[in-house]
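Descriptive structure summary
Single-letter residue listing:
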Amino acid sequence: MDDDRDARREMEEALRAAVERGEIDVVYQPIVAARGRAICCVEALARWTRDGNQPVPPDVFIPLAEATGIIDALGPLILKRACEAARQWPDIGVSINVSPAQFRNPNFPEQALTIIAAAGIDPSRITLEITEGYFIQNPGRAKLVMDQLKAGGVRIALDDFGAGFSSIGYLIRFGFDRMKIDRSLTSAGQLTVKGGAMLQATVALAASFDIPVTAEGVETGEQAAFLHLCGCDQLQGYFFGRPMSESAICDLIAPPEDRQSIAG
Ligand code: C2E
Ligand code: CA
Ligand code: CA
């Protein structure tokens, strides 16, 4: 147990130092329009390579950052990077994950809106993704923060729908602009008839309240076709593209040969 605690403390210090030095990368996963399959958005995802050679998954370092307060520096760093990158893709939306710990910070809306404005990005291009946890724990405060952000022009998506206790009630009551269906629900739709029916009903219910739905974790063409049929207007997953570097997204949007022909 002592070894575990020491290892955790060492990782915490390494992460703190990496954030201070700005040694956190951001990669971008394409999100496509279900109709036509053109890239319409990207989701920014944080990456940390400890000591330059040990990649640490975000499922490990994000919870550590949340538990230790490091998220107060890490969150804004990721938001700033993503907004600066977004300047290269004026026609593309950018989704950024926000942890409940950031939402809990009363200064968060002002801080986030300042970063977006400083990057010169139209706030309507930015979607902040948040999971339901904080909304269940502290609905009053969560709604207040959400309203401040929405008044500033950014959109808010409910992330990981179907992974926890998510209810359509929350979606409507809080005025989320978009719902993102968790990978577990996406794959359940393919596995059993019941799974398919559940998926269809979920998307139909959101659509009946005019809430658009993105399906995450789309890994096959069959899943993509089914989710489009269910009514999802945006699709995201390895089938369309893995998270990639900023320059790879630039190439995807305007392949180098196009850029040359524009330049020439
Ligand atoms: P998430 O927000 O649900 O992000 C989607 C995750 O699913 C990403 O994992 C992505 O690489 C993965 N994924 C996308 N398509 C597929 C697919 O077709 N199949 C499979 N198997 N996986 C797919 P990643 O990058 O490891 O991130 C894991 C989680 O860590 C994220 O889940 C998010 O909760 C958190 N996270 C990542 N970056 C940030 C960040 O900048 N801030 C905060 N607060 N959380 C972050
Ligand atoms: Ca997300
Ligand atoms: Ca998600």
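Quick note: structure is the one above.
The text that follows walks through the structure, step by step, so that each part is easy to find. (Residues numbered from 1 in each chain as written. Chains lettered and ligands numbered in written order. Predicted model: local features only at pLDDT ≥ 70, side-chain atom pairs only at ≥ 80, totals over all residues. Heavy atoms only, no water.)

Concerning the pattern of salt bridges
Stated formally: Whenever a carboxyl oxygen of Asp or Glu lies within 4 Å of a side-chain nitrogen of Lys or Arg, that contact is scored as a salt bridge. Numbering of helices and strands starts at the N terminus; helices are DSSP runs of H or I of at least 4 residues and strands are runs of E of at least 2.
Summed over the entire model, instances satisfying the criterion amount to 10 salt bridges. Across the salt bridge formed by K150 and D177, the nearest N and O atoms sit 3.2 Å from each other. Within this pair, whereas K150 is found in helix 7 (residues 139–151), its partner D177 is found in the loop between helix 8 (168–174) and strand 7 (178–181), the two being separated by 27 residues in sequence. Here the salt bridges share partners, and the residues they tie into one network are E43, E129, K180 and E216.

With respect to unusual backbone geometry
This is how it is decided: Three labels apply to residues, based on accessible area from a 1.4 Å probe with only protein chains included: buried if under 20% of the type maximum, exposed if over 50%, partly exposed otherwise in between.
At D51, a residue that is not glycine, the phi angle is positive and equals roughly 50 degrees. For D51, the position within the fold is in the loop between strand 2 (39–50) and strand 3 (54–56). Judged by relative accessible area, D51 falls into the exposed class, the value being 62%. Non-glycine residue D210 carries a positive phi angle of around 60 degrees. In this fold, D210 is placed in the loop between helix 10 (193–208) and strand 8 (213–215).

Here we look at the environment of F240
Threshold: Any two residues whose heavy atoms approach within 4.5 Å are treated as being in contact.
For F240, the location among the structural elements is in the loop between strand 9 (234–236) and helix 12 (246–253). Sequence-wise, F240 and G221 are 19 residues apart; in three dimensions their C-alpha atoms are separated by 9.1 Å. Leave out the neighbours within four places in its chain, and F240 touches P30, V32, R37, V218, A224 and L235.

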